[in-house]
Structures are given as structure tokens and as C-alpha cells.
Amino acid sequence: IQVGYAFVMGCALYASMRISGTIFLPVVMHALWDFSTFTAKTGVATEGLQLGIALFLFLTVLLTLSVVIWAFWQLRRRRVAFGN
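Here is what the cut-offs are and how they apply
Sequence positions are assigned chain by chain, starting from 1 and proceeding in written order. Restriction of local features to residues with pLDDT of at least 70 applies here, the model being predicted, together with a cutoff of 80 or more for giving and counting side-chain atom pairs; totals for whole chains, interfaces and linings are based on all residues. Here the side-chain values reflect all heavy atoms present in the structure, with hydrogen atoms and water set aside. Comment: elements are numbered from the N terminus, with helices defined as DSSP H or I runs of at least four residues and strands as E runs of at least two. In this scheme, a residue with accessible area under 20% of its type's maximum is buried, one over 50% is exposed, and one in between is partly exposed, where area comes from a 1.4 Å probe on protein chains only. Think of a 1 Å grid over just the protein atoms. A cavity is a set of points where a 1.4 Å probe fits yet cannot get out, a pocket is an open set with protein on both sides within 12 Å along at least five of seven lines, and lining residues have an atom within 4 Å of a point. Grid points are joined across faces, edges and corners, and a volume is the space filled by probe spheres set on the points. Think of it as three bins: nonpolar holds Ala, Val, Leu, Ile, Met, Phe, Trp, Tyr, Cys and Pro, charged holds Asp, Glu, Lys and Arg, and polar takes everything else, Gly as well. One number per residue, pLDDT, summarises how confident the predictor is, and it ranges from 0 to 100. By the convention used here, residues are in contact when the closest approach between their heavy atoms is within 4.5 Å. In this scheme, patches are assembled from residues that exceed 30% relative accessible area and form no salt bridge. Like charges are connected within 9 Å, while nonpolar side chains (Val, Leu, Ile, Met, Phe, Trp, Tyr) are connected within 5 Å. With residues, only the protein chains shown are counted as cover, and all accessible areas are computed by Shrake-Rupley using a 1.4 Å probe. One side-chain nitrogen of Lys or Arg within 4 Å of one carboxyl oxygen of Asp or Glu is enough to make a salt bridge.

Within the protein, the secondary structure is distributed over three helices and zero strands. Beginning at the N terminus, the succession of helices and strands in the protein can be written as α-α-α. In the protein, buried positions account for 20% of the 84 residues.

Okay, the layout of surface pockets next. Its boundaries defined by the atoms lining it, the second largest pocket holds a volume of some 200 Å³. Around the second largest pocket sit Cys11, Tyr14, Ala15, Arg18, Ile19, Val68, Phe72, Leu75 and Arg78, which together line it. Counting residues per element, the ones that place at least two in the lining of the second largest pocket are helix 1 (2–20) and helix 3 (47–82). It is helix 1 that contributes the most residues to the lining of the second largest pocket, five residues altogether. Class assignment of the residues belonging to the lining of the second largest pocket gives a composition of seven nonpolar, no polar and two charged.

Further remarks concern the confidence of the model for the protein. The pLDDT averaged across the protein works out to 75; a share of 79% of its residues lies at or above 70. Ranking the elements of the protein by mean pLDDT puts helix 3 last, at 74, and helix 1 first, at 82.

The next subject is the environment of Phe56. Here Phe56 is to be found in helix 3. Spatially, the C-alpha atoms of Phe56 and Thr37 are 10.0 Å apart, while their sequence positions differ by 19 residues. Beyond its immediate sequence surroundings of up to four residues, Phe56 is in contact with Leu32, Phe35 and Ser36.

Our next topic: a nonpolar patch on the surface. On the surface, Tyr14, Met17, Ile23 and Val27 cluster together to form a nonpolar patch covering roughly 390 Å² of accessible area. Inspection of the secondary structure assignment puts Ile23 in the loop between helix 1 and helix 2 (24–40).

The residue Ser16 is located in helix 1 in this model. With a relative accessible area of 1%, Ser16 lands in the buried category. Leaving out residues up to four positions away in the same chain, Ser16 has contacts with Leu25, Pro26, Met29 and Val67.

Next comes the structure, spelled out in C-alpha cells:
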């Protein structure tokens, strides 16, 4: 399972770097991913905090998927514009 997560996240980070033209966006995405991973493993028993962490994880995954979809859309649009 971890290999699958690493593959998807690596693809998303690479696509965001190629589309944005800078490494800043992938660095921010990676930082958010690491933060959500570390906070999910703390084992804090309070329900409010667990709900907040679950929401943060959901938003991080949503952001990652959005970047991947946007990247593929941009690549396809560029290919169509150049006739490739």
C-alpha cells in the first residue's frame, strides 16, 4: 500500500513541478503531506482533534488529486495547441 501512495504522490509532485515551472508548489504539497502523516500517527485520543486531522488529511488528498487532474488537463491542452 505504501508503494502505491508513494507512486501517486511522486506523480503528483512531479506533475505540479512541471506545470508550475518551480519547485515551490511541490515543496508545499510535500510539507502538507508529511504534516498530515505525522499528525495522524500521534494517537491522540480526543475526538475533536481526530476529526480535525481527518479533515486535514482529506483536504490534502483532495489538493493532490486536484493538482494531478489539473496537470493532465494542462498537458493535454498544450499538446492540442501544438498539434501533437
